[in-house]
Amino acid sequence: MRQPFKQHSVIPGFGVTLGFTVFYLSLLVLIPLSALFLKTATMGWSSFWSVVTDPRVVASYKLTFGASLAGALINAVFGFIVAWTLVRYSFPGKRLVDAMVDLPFALPTAVSGIALTTIYSRNGWVGCWLESAGIHAAFTPLGVGIALTFIGLPFVVRTLQPAIADLDPEYEEAAASLGAGRVQVFLKVIFPGLLPALLTGFALAFARALGEYGSVVFISGNMPMRTEITPLLIISKLEQYDYAGATAIAVVMLVASFAILLAINAIQWRHVRRINGRG
Amino acid sequence: MSGASRMSLSPATTPGAARDPLWLRVLLIAVTLLFLGLFLLLPLVSVFYEALRGGVRLYLASLVDSDALTAVRLTLLTAVIAVPCNLVFGLAAAWALAKFEFRGKAVLITLIDLPFAVSPVVSGLVFVLLFGAGGWFGPWLTAHHLHIIFAVPGIVLATMFVTFPFVARELIPLMQEQGSEEEQAALVLGAGGWSTFWRVTLPNIKWALLYGVILCNARAMGEFGAVSVVSGHIRGRTNTMPLHVEILYNEYNFQAAFAVASLLALLALVTLAAKELVEWRARVDMRSAAGTAAGEEK
């Protein structure tokens, strides 16, 4: 016999809370999102394909994916160092520094956008230094990468921190007492233990960067074929009342972020299974 | 996103620190401070610097500008509607998911997280597809002279969509961890459903709930991409604060743009401070609970 839908419980309110949850979720999220796919379905394959493979759109994918990947990689390296320092070492002002890491979550994206643009523009605080070295940051793909690094940072740090805190120092001690050097301990004991968390943080930062709009539009300069990100193309299609075109590009982005979400779940699922298998 | 940052105790320095040589510790701390200083502190400082550059009088004048005040009012209105709706949803979802075992639970949890995976621009777009002039309900709305897109209801809907998971995300893992033994005890002793919720469940989850509301509010007030798509940017009518910042900035009125932005940056700082406070309170509660438990055992 099939198991019952719900196991018996003395606690009241199951029907009401689950009913409301499903109702609200459907009304606000599921129905609107399905509108996106239904709209695409009315387009026909060939017109969908010609929209999403238009050279200008393809150029925007390249920029969006490339800059997101670069930002996520920078965060994987520096986020690792930040998380390690914040968990393992103590230094004056550490609590404050730790609290600061969440700033990109808390700061509205439009504010970070104009602030970064001002700093990295030709006569900005950092921009003037880069300029004297012959590097243009604002209104170039480099600027897009900088903005996407900014917004992705907390994902890597906050995913790694609990994992580093959970590392049992006994394994490191055991490895060291068996004659492993610090580098060897890091590569063979510490790093493999942190890899699932690092990958998860990297993927979260990457996924967030793909869809990011507010912090990028100001610093990117929005030049077609060069510094135009995919979310901006959706908006410009909408402004020309090209709903079908906007929807087609949105579906491509949505599928990409769902794929990353699945990958994250797969990483975590494998990790949990490994831990349970070991225990 | 916030799942990882949720209520983690800041761990004490482990003995492992002793094994990293001093030069490495100094180097890594220096890299951390430099990187965070460059990427986080500098943008924050620049907002206030640019806002106050023209003097305090000019700063205040940009804030009491009538368009700026309308934007502040609309932002507050949006948050006042969106946050309570998502608060009620978060409580209901967490109750259903944490206190009961039923089929399809994992799917439901994944679906609740969906808005986090959707680009803000796409979040706005879906409402244009539903309620815009060429959308499903567009003709009907036009016939009845109702405006959702390029009007306040659209802004509220888009904000509700992007802030949808925040409260639920904070509550579900915590309530799952706490289980339902205390509630069962209260019910067996004769308490009603509501009084069990108010007297047993709510005190146990209040800090996580507050934190979820703070995060939800910060995002509701600061959302840019989704709101930008549905608002139509009608100055003095459908401009929230982030959109007003954009308009001023694109008009090269940098000082005024940064003045309004500084209010949003203050909101972000208050959010971060509130987060620290809530985590600290949760730790104190946990410690005192552990203390009573230890006392009872003696």
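It should be noted that the structure appears before, not after, this text.
As the structure is a computational prediction, the values presented were derived from the model and not from experiment. (Residues numbered from 1 in each chain as written. Chains lettered and ligands numbered in written order. Predicted model: local features only at pLDDT ≥ 70, side-chain atom pairs only at ≥ 80, totals over all residues. Heavy atoms only, no water.)

Colleague: Even after reading the chapter, I still don't get the side chain of A:Ser121, so can you show me in this structure?
Modeller: By secondary structure assignment, the location of A:Ser121 is in the loop between helix H6 (109-120) and helix H7 (127-132). Each residue touching A:Ser121, except ones within four places of it in the same chain, is listed here: A:Gly127, A:Cys128 and A:Ala138. (Helix = DSSP H or I, 4+ residues; strand = E, 2+ residues; numbered from the N terminus. Contact = heavy atoms within 4.5 Å.)

Colleague: I'm lost on the packing of helix H5 (residues 66-99) of chain B against helix H12 (residues 193-222) of chain B in this one. Help?
Modeller: In a packed pair of helices, the relevant descriptors are the angle between the two axes and the axis-to-axis distance. All names here are of chain B. Running from N to C, H5 and H12 point in directions that differ by 140°, and their axes come no closer than 9 Å. Considered as vectors, H5 and H12 are oriented oblique to each other. The handedness of the crossing between H5 and H12 is right-handed. Listed contacts from H12 to Thr75, Leu76, Ala79, Val83, Asn86, Leu87, Leu91 and Trp95 of H5 are Phe197, Thr201, Ile205, Leu209, Val213, Cys216, Asn217, Ala220 and Met221. Class assignment for the residues of the contact of H5 with H12 results in 13 nonpolar, four polar and no charged. (Axes fitted to C-alpha atoms, helices over the stretch in contact; angles between N-to-C directions. Parallel < 35°, antiparallel > 145°, perpendicular 65-115°, else oblique. Left-handed = near helix turned anticlockwise from the far one by under 90°. Nonpolar A, V, L, I, M, F, W, Y, C, P; charged D, E, K, R; others polar.)

Colleague: Would you mind showing me how to read the environment of A:Ile229 here?
Modeller: Residue and element names in this part refer to chain A. Examined against the element boundaries, Ile229 turns out to sit in the loop between helix H11 (214-220) and helix H12 (230-239). With 170 residues separating them along the chain, Ile229 and Ala59 place their C-alpha atoms 8.5 Å apart. Excluding anything up to four places from it in sequence, Ile229 contacts Ser60, Leu63, Thr64, Val144, Glu212, Tyr213 and Val216.

Colleague: Can you help me understand unusual backbone geometry in this one?
Modeller: If a residue is not glycine, its phi is most likely negative; likewise, a peptide bond is most likely trans. Residues and elements named next belong to chain A. With a phi close to 65°, Phe139 is a non-glycine residue in the positive phi region. Phi is positive for Met225, close to 70°, though the residue is something other than glycine. Within the element layout of this structure, Met225 appears in the loop between H11 and H12.

Colleague: Help me out: how do you make sense of a nonpolar patch on the surface in this one?
Modeller: A cluster of nonpolar residues, A:Phe23, A:Leu27, A:Ile31, A:Leu38, B:Trp136 and B:Phe137, forms a patch on the protein surface that exposes about 620 Å² of accessible area. In this fold, A:Leu27 is placed in helix H1 (residues 14-41). (Patch = residues over 30% accessible without salt bridge, like charges linked within 9 Å, V, L, I, M, F, W, Y side chains within 5 Å. Areas by Shrake-Rupley, 256 points an atom, 1.4 Å probe, with all protein chains shown as cover. Salt bridge = Lys/Arg side-chain N within 4 Å of Asp/Glu carboxyl O.)

Colleague: How do you make sense of helix H9 (residues 152-163) of chain B when you look at a structure like this?
Modeller: Three or four residues apart is the spacing at which side chains of an α-helix point the same way, because the helix has 3.6 residues per turn. Between its terminal C-alpha atoms H9(B) stretches 17 Å, which fits the 16 Å expected from twelve residues at 1.5 Å a residue. Among the residues of H9(B), B:Gly154, B:Ile155, B:Val156, B:Ala158, B:Thr159, B:Met160, B:Phe161, B:Val162 and B:Thr163 are the ones counted as buried. (Expected span 1.5 Å × (residues − 1). Buried < 20%, exposed > 50% of the residue type's maximum accessible area, 1.4 Å probe, protein only.)

Colleague: What's the story with H12(B) in this structure? I'm lost.
Modeller: Taking 1.5 Å as the rise per residue, H12(B) with 30 residues should run 44 Å; its terminal C-alpha atoms sit only 37 Å apart, a clear shortfall. Of all the bends in H12(B), the largest measures some 60° and sits at B:Lys206. (Bend = angle between axes of the 7 residues up to and from the residue.)

Colleague: How should I be thinking about the nonpolar core in this particular structure?
Modeller: Side chains that are nonpolar tend, in soluble globular proteins, to be buried together. Within the largest apolar cluster, 184 residues are counted, with the highest numbers of intra-cluster contacts made by A:Leu36, A:Leu160, A:Ile234, B:Ile112 and B:Leu171. The element contributing the most residues to this core is H5(B), with 14 residues. If sequence neighbours within four positions are ignored, B:Leu171 has contacts with B:Gly90, B:Leu91, B:Ala94, B:Ile205, B:Ala208 and B:Leu209. (Core = buried A, V, L, I, M, F, W, Y, C linked by side-chain atoms within 4.5 Å.)

Colleague: Could you clarify how one ought to interpret the interface of chain A and chain B in this entry?
Modeller: The parts lose accessible area when they come together, and the size of an interface is often stated as this lost area. With 96 residues of chain A in contact, the opposing surface of chain B contributes 96 residues. For the pairing of chain A and chain B, the buried interface totals around 8,800 Å² over both sides, and the portion due to carbon and sulfur atoms is 78%. The largest contributions to the chain A side of the interface with chain B come from A:Ile11, A:Tyr89 and A:Trp125, which together make up 8% of the buried area. At the boundary of chain A with chain B, the tally comes to three salt bridges. Ionic pairing is found between B:Lys275 and A:Asp102, a salt bridge with its closest N-O pair at 2.5 Å. Seen at the junction of chain A and chain B, the total is 13 residue pairs in polar contact (both at pLDDT 80 or more). Residue contributions to the side of chain A that touches chain B peak at 17 residues, all from H1(A). (Buried area = accessible area lost by both parts, 1.4 Å probe. Polar contact = N/O pair within 3.5 Å; in protein donor to acceptor, adjacent residues only side chain to side chain.)

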